[in-house]
Amino acid sequence: MVKVYSITQCPWCDKVKKYLKSRGVAYEEHNIELSDADRDECYKISGDLIVPVTTVNGKDFVVSFDKAKLDALLGF
């Protein structure tokens, strides 16, 4: 399950979500501004609240929009 931790007004978050859609990757969006649980989970994963954070398995993650790291994480 791919998860994207994001905030409402975030061009990098939008870029990650658009990229995932363009590659046909289904994902869950978790807005850390709207949910304390999502904020806490994001912090637990990355040790920070910088977004976007994209995870595949809840452990391995990519911060911001790093196409090469996203592709490696997703197996492209």
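Data block above holds the structure.
Residues numbered from 1 in each chain as written. Predicted model: local features only at pLDDT ≥ 70, side-chain atom pairs only at ≥ 80, totals over all residues. Heavy atoms only, no water.

**Considerations on the environment of Asp60**
How we decide: The way it works is that DSSP assigns letters per residue, a run of H or I at least four long becomes a helix, a run of E at least two long becomes a strand, and they are numbered from the N terminus. Throughout, a contact is declared for two residues whenever any of their heavy atoms are within 4.5 Å.
Within the fold, Asp60 resides in the loop between β3 (53-55) and β4 (61-63). Note: C-alpha distance between Asp60 and Cys10 (50 residues apart in sequence) is 22 Å. If near-sequence neighbours (up to four positions away) are discounted, Asp60 is found in contact with Thr54, Thr55 and Leu73.

**Brief notes about the pairing of strand β1 (residues 2-6)**
Selection criterion: Buried, partly exposed and exposed residues are distinguished by accessible area as a fraction of the type maximum, computed with a 1.4 Å probe on protein chains only: under 20%, between the cut-offs, and over 50%, respectively. Should DSSP find at least two bridges between two strands, the strands are regarded as paired. Here the term right-handed applies to a crossover when the path leading from its first strand over the helix to its second strand runs clockwise, the strands being oriented away from the viewer.
Most of β1 is tucked away, with four of its five residues classed as buried. With five bridges joining them, β1 and strand β2 (residues 27-31) adopt parallel strand pairing. Its bridge partner lying in β2, Val2 is registered against Tyr27. Remark: the β1/helix α1 (residues 11-22)/β2 crossover connection has right-handed handedness. Across three bridges, β1 lies against β3 in antiparallel orientation. Bridging across to β3, Lys3 finds its partner in Thr55.

**Considerations on the environment of Thr8**
For clarity, the threshold we go by: Two N or O atoms form a polar contact when they lie within 3.5 Å of each other; inside protein one atom must be a possible hydrogen donor and the other a possible acceptor, and for residues adjacent in sequence the pair counts only when both atoms belong to side chains.
Of note, Thr8 is situated in the loop between β1 and α1. A sequence separation of 26 residues divides Thr8 from Leu34, and the C-alpha atoms of the two residues are 8.8 Å apart. In this structure, Thr8 is in contact with Asn31 and Glu33, ignoring residues within four places of it in sequence. In this structure the side chain of Thr8 is engaged in a polar contact, spanning 2.8 Å, whose partner is the side chain of Glu33.

**Notes on α1**
Rule in force here: Given a helix with a known number of residues, its expected span is that number minus one, times 1.5 Å.
Over its twelve residues, α1 extends 16 Å from the first C-alpha to the last, a length consistent with the 16 Å expected when each residue adds 1.5 Å. Tucked into the core, α1 has its buried residues touching β1, β2, β3 and α3 (67-74). Count one or two residues on from α1 and you reach Gly24, which has phi positive near 75 degrees.

**A word on the sheet that holds β2**
Backbone-to-backbone hydrogen bonds pair the strands of a sheet. The strands run either parallel or antiparallel. The line we're drawing: Here, axes are lines fitted to C-alpha atoms. For helices the fit covers the stretch in contact, and angles between N-to-C directions go from 0 to 180 degrees.
The strand order across the open sheet built from four strands is β2-β1-β3-β4, with neighbouring strands paired in mixed fashion. This sheet does not close on itself; its edge strands, each paired only once, are β2 and β4. In this sheet, neighbouring strand axes are inclined to one another by 20 degrees on average, regardless of whether the strands run parallel or antiparallel. Relative to the sheet, α1 contacts β1, β2 and β3, its axis offset from that of β1 by approximately 160 degrees.

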